[in-house]
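# Examining the three-dimensional arrangement
As a plain string of letters, each chain reads:
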Amino acid sequence: MPAFAPGTRRFALPPLVAAIPLAILSPPLGAGALALGLGVLYFFRDPDRTPPPTGVVSPADGRVSVVREEENRIRVGVFMNVTDVHVLRAPLAGRVESVTHRPGAHRPAFTKESERNERVDVALDTHDVSMIAGWFARRIYPYLTDGDAIERGDRIGHIAFGSRADVLLPPAYDREDVLVEKGERVRAGETVVALDSSESAR
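Below is a summary of the structure that appears in this document. (Residues numbered from 1 in each chain as written. Predicted model: local features only at pLDDT ≥ 70, side-chain atom pairs only at ≥ 80, totals over all residues. Heavy atoms only, no water.)

Attention shifts here to the side chain of glutamate 118. By secondary structure assignment, the location of glutamate 118 is in the loop between strand S5 (94–102) and strand S6 (119–124). Under the relative-accessibility criterion, glutamate 118 is labelled buried at 12%. Looking at glutamate 118, its side chain comes within polar contact range of the side chain of histidine 101, at 2.8 Å. (Helix = DSSP H or I, 4+ residues; strand = E, 2+ residues; numbered from the N terminus. Buried < 20%, exposed > 50% of the residue type's maximum accessible area, 1.4 Å probe, protein only. Polar contact = N/O pair within 3.5 Å; in protein donor to acceptor, adjacent residues only side chain to side chain.)

Given below as structure tokens:
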């Protein structure tokens, strides 16, 4: 049976239930409600993923939109299109030190202005992850709390109808360790976005 992100029922059930009486009163409206409900189910799908044995995996499905150095660390950001899976995955194993919600704007997540968007920043002892809302996304749902231990590839949250996820790599990584470029498609929990020199030498 297909898996879905938490909260799917709240968004999908109303149009699916409404489709029944609407189909009697107005078949086109009933078909529209059914299509909307099925679209929500598709959007909130949560397929299983199998991480590779080594490397930092992508936190999200989508296209790489950010690769830059930031205070001697490397940030890799992934923009999620509306057709992408929006369940986020842990890039590395670690222990959660803090989960911080930061209110902000709702600019398109692929633009530079999205740096001021609403976000949830997750600080771990090994790396950091940011869940960033976009212009249409209004709710970010982290699955983590302070002190949680996670493994690479674990589900860590989802963004309802939204938009971008970043990983701030551990300080030991440099630009040469990044394996992806802007515009490249990646899959959450499976695509390796960075591999440090000690791992690649094995």
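Below, the discussion takes up the sheet that holds strand S10 (residues 155–160). As a general point, the strands of a sheet are linked pairwise by backbone hydrogen bonds and lie either parallel or antiparallel. Read across the sheet, three strands follow the order S4-S10-S8 without closing on themselves; strand pairing throughout is antiparallel. Each of the sheet's edge strands pairs with one partner strand only, and the pair in question is strand S4 (87–89) and strand S8 (139–142). For this sheet, the mean inter-axis angle between neighbouring strands, taken without regard to orientation, is 20°. Relative to S10, S4 runs antiparallel, the two sharing three bridges. Residue pairing in the sheet places arginine 89 in a bridge with arginine 155 of S10. (Pairing = 2+ DSSP bridges. Axes fitted to C-alpha atoms, helices over the stretch in contact; angles between N-to-C directions.)

Next up on the list: the pattern of salt bridges. Under the defined criterion, the tally for this structure stands at 14 salt bridges. Two residues, aspartate 84 and arginine 185, come together in a salt bridge whose shortest N-O distance is 2.7 Å. With aspartate 84 in the loop between strand S3 (73–79) and S4 and arginine 185 in strand S12 (residues 185–186), this pair connects stretches of sequence that are 101 residues apart. According to the relative accessible area criterion, aspartate 84 is buried, its value standing at 5%. When the shortest N-O distance is used, the salt bridge between arginine 102 and aspartate 121 registers 2.5 Å. Of this pair, arginine 102 sits in strand S5 while aspartate 121 sits in strand S6, placing them 19 residues apart in sequence. Residue classification places arginine 102 among the partly exposed positions, given a relative accessible area of 40%. Residues joined in a network through salt bridges with shared partners are Arg68, Glu70, Arg75, Arg164 and Asp166. (Salt bridge = Lys/Arg side-chain N within 4 Å of Asp/Glu carboxyl O.)

Below, the discussion takes up the sheet that holds strand S11 (residues 164–168). Taken together, the eight strands give an open sheet; going across it, the order is S9-S5-S6-S7-S11-S3-S2-S12, and neighbouring strands pair in antiparallel fashion. This sheet does not close on itself; its edge strands, each paired only once, are strand S9 (149–150) and S12.

Along its 17 residues, helix H2 (residues 27–43) runs 24 Å from first to last C-alpha, staying within 8% of the 24 Å computed at 1.5 Å per residue. Among all positions in H2, only Gly30, Ala33, Gly37, Val40 and Phe43 are buried. Buried residues of H2, viewed axially, fall in a sector of 155°; they line one side. Residues of H2 that are exposed and point more than 90 degrees away from the buried face comprise Pro27 and Pro28. (Expected span 1.5 Å × (residues − 1). Arc of directions from axis to C-beta.)

On to the nonpolar core, then. Core analysis: the biggest nonpolar cluster contains 32 residues, and Val56, Leu88, Val122, Met131, Ile156 and Leu169 have the highest contact counts within it. Leucine 88 has contacts with Pro59, Ala60, Met80, Met131, Asp154, Arg155, Ile156, Gly157, His158, Ile159 and Ala165, leaving out every residue within four places of it along the chain. Val40, Phe43, Val87 and Tyr141 belong to the second-largest nonpolar core, a separate cluster that totals nine residues. (Core = buried A, V, L, I, M, F, W, Y, C linked by side-chain atoms within 4.5 Å. Contact = heavy atoms within 4.5 Å.)

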